[in-house]
2 protein chains.
Amino acid sequence: MKRELDHKLHLRNIKPTAMRQLVLHVLTEQSTAISLPELEQIFDRADKATLYRTLKTFEKNKLIHRINDGAGPVKYALCQDTCKCQPEDLHVHFLCTKCNQTYCLTEIPIPDITLPAKFSFENVNMVVKGVCANCAI
Amino acid sequence: MKRELDHKLHLRNIKPTAMRQLVLHVLTEQSTAISLPELEQIFDRADKATLYRTLKTFEKNKLIHRINDGAGPVKYALCQDTCKCQPEDLHVHFLCTKCNQTYCLTEIPIPDITLPAKFSFENVNMVVKGVCANCAI
DNA sequence: TCTGACTTTGCAACCCGGTTGCATCAACTT
DNA sequence: AAGTTGATGCAACCGGGTTGCAAAGTCAGA
Ligand SMILES: [Mn+2]
Ligand SMILES: [Mn+2]
Ligand SMILES: [Zn+2]
Ligand SMILES: [Zn+2]
């Protein structure tokens, strides 16, 4: 277990401190994305700034990606092992309006868009809102 | 001029107060979306809460729509006259990474997505990032 | 025209997510 | 052991967003 976490950190060139192991452990347990405030509640003895900087480090090193679903705080989810956070790694996200959980739809790539003349493409964010399978009646 | 603004307000069932006329006037002048903090700077004598509630009223009555481009504050842009803020009215937005302006690409509808089983669709937000025509070299 | 109900505005204060400065602590190098 | 670097903890701050409340404005009915 701990081995695998350390390995994941190592692959992304992140030094395996105790804090980082704990945070990564929590992240791997989630089936949906998690925000900094949620993380604060899970570790109620940990410092917000440390958690914040841990997420920053993870994001910079492409261990996690940030998701802006438009509903409150930014959320984070683990990247796939092969992810380089390039356009081809981008996928659709889904925000459930009932449970407020945000899902990575990693198998759904974002469709191509034809931009107006002289507009160049760098990146794209696509969030679908609706009701998730868990919340469906 | 003032006639047209009042007419727009009337069409959306918004009482034409002085404040609302001023804000709508500013909104019609913009070619890109504008945030509440930006609006505060334009009217530096106006109260933030009043501007805030004015935007809320406009949004509720579908005179403007909110754009969450993931870069700082929420921005707002005028809806088309025919807009009912339904899925068919949704369009792609474009955030320029150089000038930080957000464009409504009203002629580009958001492509359909096939969601996983039991996930239902309500809404979608799509923001493309890149460099706009004005900032292109 | 006066009155009372309702809406809008202005001001102040607050909330919360995000961010930073700084001192301390831990790990690693020489 | 001493020095260097990076990580952590704590406190404070910032900015966008939001609310409570009283004053001002609007307007219909008496
Ligand atoms: Mn994702
Ligand atoms: Mn738009
Ligand atoms: Zn759900
Ligand atoms: Zn631009």
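Residues numbered from 1 in each chain as written. Chains lettered and ligands numbered in written order. Predicted model: local features only at pLDDT ≥ 70, side-chain atom pairs only at ≥ 80, totals over all residues. Heavy atoms only, no water.

Turning our attention to the interface of chain B and chain A. Counting from both sides, the interface comprises 33 residues of chain B and, opposite them, 33 residues of chain A. Taking both partners together, chain B and chain A bury about 2500 Å²; carbon and sulfur atoms supply 67% of that area. For chain B, the biggest contributors to the area lost against chain A are Ile 113, Phe 119 and Met 126 of chain B; these three give 20% of the whole. Across the chain B-chain A interface, the total number found is zero salt bridges. (Contact = heavy atoms within 4.5 Å. Buried area = accessible area lost by both parts, 1.4 Å probe. Salt bridge = Lys/Arg side-chain N within 4 Å of Asp/Glu carboxyl O.)

All names here are of chain A. Protein-derived coordination of the manganese ion (ligand 1) comes from His 65 (NE2), His 91 (NE2), His 93 (NE2) and Cys 104 (SG), at a distance range of 2.0 to 2.2 Å. In terms of primary sequence, the donors binding the manganese ion (ligand 1) are separated according to H-x25-H-x1-H-x10-C. Taken together, the residues span a long stretch of sequence, with His 65 in strand β2 (residues 64-67) and His 93 in strand β4 (residues 91-96) at a distance of 28 residues. Across the pair, His 93 and His 65 agree in class, each one buried. (Donors = N, O, S within 2.8 Å, 3.2 Å for Na, K, Ca; no water. Helix = DSSP H or I, 4+ residues; strand = E, 2+ residues; numbered from the N terminus. Buried < 20%, exposed > 50% of the residue type's maximum accessible area, 1.4 Å probe, protein only.)

Residues and elements named next belong to chain A. Around the zinc ion (ligand 3), the protein contributes the donor atoms Cys 96 (SG), Cys 99 (SG), Cys 132 (SG) and Cys 135 (SG), at 2.2 to 2.4 Å from the metal centre. In primary-sequence terms, the residues that donate to the zinc ion (ligand 3) follow C-x2-C-x32-C-x2-C. Of the two residues, Cys 96 sits in strand β4 while Cys 132 sits in the segment after β6 (120-131), which places them 36 residues apart along the sequence. Assessed through its relative accessible area of 0%, Cys 96 is described here as buried.

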